[in-house]
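The chain contents come next:
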Amino acid sequence: MDGKLWDLPAGLRGDYAAARPDFTLPQRWADYADADHGTWRRLYHRQAALLPRHAASAFRDGLAQLDFAGGIPDFALASSRLRALTGWTLVAVPGLIPDGAFFGHLAERHFPVTRWIRRPEELDYIVEPDIFHDAFGHVPLLTQPDFADVLEAYGRLGEQAARIGALKPLARLYWHMVEFGLIREQGMIRAYGAGILSSSAETVHATESRTPRRLRFDVRRVLRSDYFIDDLQPTYFVIESYAELFGAMRDLPALLAEARDAEPIPPGAGDPMDGPAGPSIG
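Residues numbered from 1 in each chain as written. Predicted model: local features only at pLDDT ≥ 70, side-chain atom pairs only at ≥ 80, totals over all residues. Heavy atoms only, no water.

Draft legend 1. Focus on unusual backbone geometry. A positive phi angle, near 70°, is found at F23, a position not held by glycine. When you line up the elements, F23 lands in the segment before α1 (34-54). Even without being glycine, Q186 reaches a positive phi, approximately 50°. For Q186, the location among the structural elements is in the loop between β3 (182-185) and β4 (188-191). (Helix = DSSP H or I, 4+ residues; strand = E, 2+ residues; numbered from the N terminus.)

In structure tokens, the structure reads:
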């Protein structure tokens, strides 16, 4: 499959030489040092303290069903729990992987999780997604059936998007709605996106700051909306339910070519059709 969801830069730190053709590799949980587990616990407890005020209830409920507090999770144990709930399995990968492998895993309900953890000096910012971002940020929502269905449907769209040259719009959907998605709950803005909830700064910025735009979810707008990969997001999209997001996936095949040919909206820019999200923040 041509193209990538992301441009994979040179010098990625993962052990790509050990990866299988599908880019998976053994997790080797026993190889993690005590310092690695300590880094996980520091990150976990910092983020967990923010969840009651800032995180979506489905994320909090999902995390409570996973044994993640004590140290780096064992993928085999977490997968056993996920399979019972939604049929998903975690697979270890060296880091960012090409789009063909990524889509293929999602379509089979296999979620790729980076094996390594960041260094202590990278607690506040890391260029590449590590195991904390992938496992803490993404896995709790895999316990929720509607969101689990969204990710499978997304994976199944990958081959079509690549065939018609529409990987960029598809990547925007993942970025805005899986990595940086917000939801309205009882009139308040709450975060469910992995890129938000694995970052203390982004968690507060996304849900409390008066600076960013928070727009009502519109799949056409999302597919055209570019984003920053190395800064706090200037625009977020707010859903009412995960079922709403899954419903939008049904229309996506017809919208990908339209979005491919449309003029992109720069990060943080407005559009005449924008509608505010409506709910309160804070």
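Draft legend 2. The environment of R190, seen in detail. Its place among the elements puts R190 in strand β4. Residue class for R190 comes out buried when judged on its relative accessible area of 14%. Separated by 131 residues in sequence, R190 and F59 have C-alpha atoms that sit 9.9 Å apart. Polar contacts involving the side chain of R190 include one to the main-chain carbonyl oxygen of R53, which spans 3.0 Å. (Buried < 20%, exposed > 50% of the residue type's maximum accessible area, 1.4 Å probe, protein only. Polar contact = N/O pair within 3.5 Å; in protein donor to acceptor, adjacent residues only side chain to side chain.)

Draft legend 3. The pattern of salt bridges, seen in detail. Inspection of every chain in the model, using the stated rule, returns 19 salt bridges. One salt bridge connects D31 with R115, and the closest N-O pair in it is separated by 3.9 Å. A residue pair is termed long-range when its members are at least 10 positions apart, and D31 in the segment before α1 and R115 in the loop between β2 (110-114) and α5 (131-138) qualify at 84 residues. The class of R115 is buried, set by a relative accessible area of 15%. Note that E240 is salt-bridged to R184, the shortest N-O span being 2.8 Å. A residue pair is termed long-range when its members are at least 10 positions apart, and E240 in the loop between β6 (235-239) and α12 (242-261) and R184 in strand β3 qualify at 56 residues. Shared partners join several salt bridges into a network, and the residues in it are R13, R119, E122 and E128. (Salt bridge = Lys/Arg side-chain N within 4 Å of Asp/Glu carboxyl O.)

Draft legend 4. Fine view of the packing of aromatic side chains. A complete count under the given rule lists 14 aromatic pairs for this structure. Pairing F102 with Y174 gives two aromatic rings, centres 5.4 Å apart and planes at 80°, and the pair type is edge-to-face. Of this pair, F102 sits in helix α4 (residues 99-107) while Y174 sits in helix α8 (residues 167-179), placing them 72 residues apart in sequence. This pair shows no difference in class: F102 is buried, exactly as Y174 is. Ring geometry for W175 against F180: centres 5.0 Å apart, planes inclined by 35°, an arrangement best described as tilted. What makes W175 buried here is its relative accessible area of 11%. F180 gets classed as buried once you look at its relative accessible area, which sits at 7%. Here the aromatic residues W40, Y44, F59, F68, F132 and F136 are joined through ring pairs into a cluster of three or more. (Phe/Tyr/Trp six-rings, centres within 6.5 Å; stacked < 30°, edge-to-face > 60°.)

Draft legend 5. Spatial organisation of the layout of surface pockets. Of the voids in this model, the second largest pocket is the one considered here, and its volume is about 200 Å³. Split by residue class, the lining of the second largest pocket holds seven nonpolar, three polar and three charged. (1 Å grid on protein atoms, 1.4 Å probe; cavity = no way out; pocket = protein on both sides within 12 Å on 5 of 7 lines; lining within 4 Å. Points joined across faces, edges and corners; volume = space filled by probe spheres on them. Nonpolar A, V, L, I, M, F, W, Y, C, P; charged D, E, K, R; others polar.)

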